[in-house]
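# A closer look at the structure
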Amino acid sequence: MMCSFNNVNYLTSTTVCHTFDMGQGGIGIELETSVGYALKEASSALRTAMEDVLRPLGMTVTHYSCLELLAQRPGLSNSDLARGTFVTRQAMNVLLQALERDGHVTRPDAAPVGRALPARLTPRGRRRLEEASTAVRAVEDRMLASLDDAEQTVILRALRRMTQSLHDTTGTEAPQQAATRKRATRSGLVEGQASGLGTASARATASLKGLSW
């Protein structure tokens, strides 16, 4: 029996699938004790709850995330917003065009520097964001209702440390990755610059993620 890591509904059944993808040589993940699975389940439940309160406002989670990012970091470009909300640049451009038509966002006709068009919230956009923020805050309060301040602090620190661990490229490499790196070095490939750029990109995305759903 196989369990999809994205299918959190398995845990609603009285019979819990104890391993993930047991078809691969009997090596699986114990779902009942898997931190990653618990995080995925919590993330899915949170997004569903947010969608439920944002839908009556005519907004999606990405729509809300875009407005929230612009409120906290005015002047972000299309690319910045796409990274911060985890959508493609094309999808973000479509959303920004809709927000401009609705009078929630304004962008200059010509780029002040380079090709990026910095976006900013209009007064109307800020009013819409206030409505959405109130609804989303209520969802978060409901999610944290059974946790005291000390528990919330511990969880927040733990989540940040886990995220940092996943972005940290200085950790121990898997044997296959190490072998690949050695072969590339012997071939005269210079990976240092590419690795540095990848790390910088990951950290930049992580900083935006803190503001985004």
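These figures come from a predicted structure and were not determined experimentally. Going along each chain's sequence as written, the residues are numbered from 1 onward. Where totals are concerned, whole chains, interfaces and linings use all residues; where local detail is concerned, this predicted model gives features only for residues with pLDDT of at least 70, and gives and counts side-chain atom pairs only at 80 or more. Hydrogens and water are ignored here; the side-chain numbers use all heavy atoms of the structure.

Our focus in this paragraph is the environment of Leu 69. Runs of E in the DSSP output that reach at least two residues are strands. Runs of H or I that reach at least four are helices, and both are numbered from the N terminus. With respect to the helices and strands, Leu 69 occurs in helix H2 (residues 61-72). The cut-offs for exposure are 20% and 50% of the maximum accessible area for each residue type, with area from a 1.4 Å probe on protein chains only; residues under the lower value are buried, those over the upper are exposed, and the others partly exposed. By relative accessible area, Leu 69 is classed as buried at 0%. Residues Leu 69 and Thr 85 lie 16 residues apart in sequence; the distance between their C-alpha atoms is 8.6 Å.

Below, the discussion takes up the pattern of salt bridges. Any carboxyl oxygen of Asp or Glu within 4 Å of a side-chain nitrogen of Lys or Arg constitutes a salt bridge here. Tallying each qualifying case throughout the model produces five salt bridges. As a salt-bridge pair, Arg 83 and Asp 80 come within 2.6 Å of each other at their nearest N and O atoms. Residue Arg 83 and its partner Asp 80 are located together in helix H3 (residues 78-85), separated by three residues, close to a single helical turn. When its relative accessible area of 37% is taken as the criterion, Arg 83 is described as partly exposed.

Axis definition: a line fitted to C-alpha atoms, over the contacting stretch in the case of helices. Angles run 0 to 180 degrees between N-to-C directions. For the pair H2 and helix H5 (residues 123-143), the least separation of the axes is 10 Å and the interaxial angle reads 115°. Here H2 is positioned roughly perpendicular relative to H5, judged by the angle of their axes. Where H2 crosses over H5, the handedness of that crossing is left-handed. Contacts between H2 and H5 involve Tyr 64, Leu 67, Glu 68 and Ala 71 from the first element and Gly 125, Arg 126, Leu 129, Ala 132, Ser 133 and Val 136 from the second. Note on residue classes: Ala, Val, Leu, Ile, Met, Phe, Trp, Tyr, Cys and Pro are nonpolar, Asp, Glu, Lys and Arg are charged, and everything else, Gly too, is polar. Taken together, the residues that form the contact of H2 with H5 break down as six nonpolar, two polar and two charged. Angle categories are assigned with fixed cut-offs, so that under 35 degrees is roughly parallel, over 145 is roughly antiparallel, 65 to 115 is roughly perpendicular, and the rest are oblique. Note: crossing handedness is left-handed where the near helix turns anticlockwise from the far helix by less than a right angle, and right-handed where it turns clockwise. Note on contacts: a residue pair qualifies if any of its non-hydrogen atoms lie within 4.5 Å across the two residues.

Glancing now at the side chain of Asn 78. Take Asn 78: it is sitting in helix H3. Side-chain atoms alone can form a polar contact between residues adjacent in sequence; in general such a contact is a pair of N or O atoms within 3.5 Å, and within protein one must be able to donate a hydrogen while the other accepts it. Within polar-contact distance, the side chain of Asn 78 engages the backbone oxygen of Arg 89 at 3.3 Å. Side-chain polar atoms of Asn 78 contact the backbone nitrogen of Asn 93, separated by 3.1 Å. Apart from residues lying up to four places away in sequence, Asn 78 is in contact with Arg 89, Met 92, Asn 93 and Leu 96.

Here Met 162 is to be found in helix H6 (residues 149-167). Setting aside chain neighbours within four positions, we find Met 162 in contact with Val 35 and Leu 39.

The next subject is helix H4 (residues 89-101). Taking 1.5 Å per residue, 13 residues should reach 18 Å; H4 reaches 18 Å between its end C-alpha atoms and fits that length. For H4, every residue scored as buried is listed here: Met 92, Leu 95, Leu 96 and Leu 99. Axial view of H4: buried residues confined to an arc of 100°, hence all on one face. Facing away from the buried side of H4 by over 90 degrees, the exposed positions are Gln 90, Val 94 and Arg 101. Structurally, H4 contributes buried residues whose contacts are with H2, H3 and strand S1 (105-106). In a helix, the anticipated span is given by 1.5 Å times the number of residues less one. This arc corresponds to the set of directions leading from the helix axis out to the C-beta atoms.

Once that is clear, we can look at the packing of H2 against H3. Where H2 meets H3, the axes come as close as 10 Å, and the angle between the chain directions of the two elements is 125°. Relative to H3, the element H2 lies oblique. Between H2 and H3 lies a crossing whose hand is right-handed. Listed contacts from H3 to Thr 62, Ser 65, Cys 66, Leu 69 and Leu 70 of H2 are Leu 81, Gly 84 and Thr 85.

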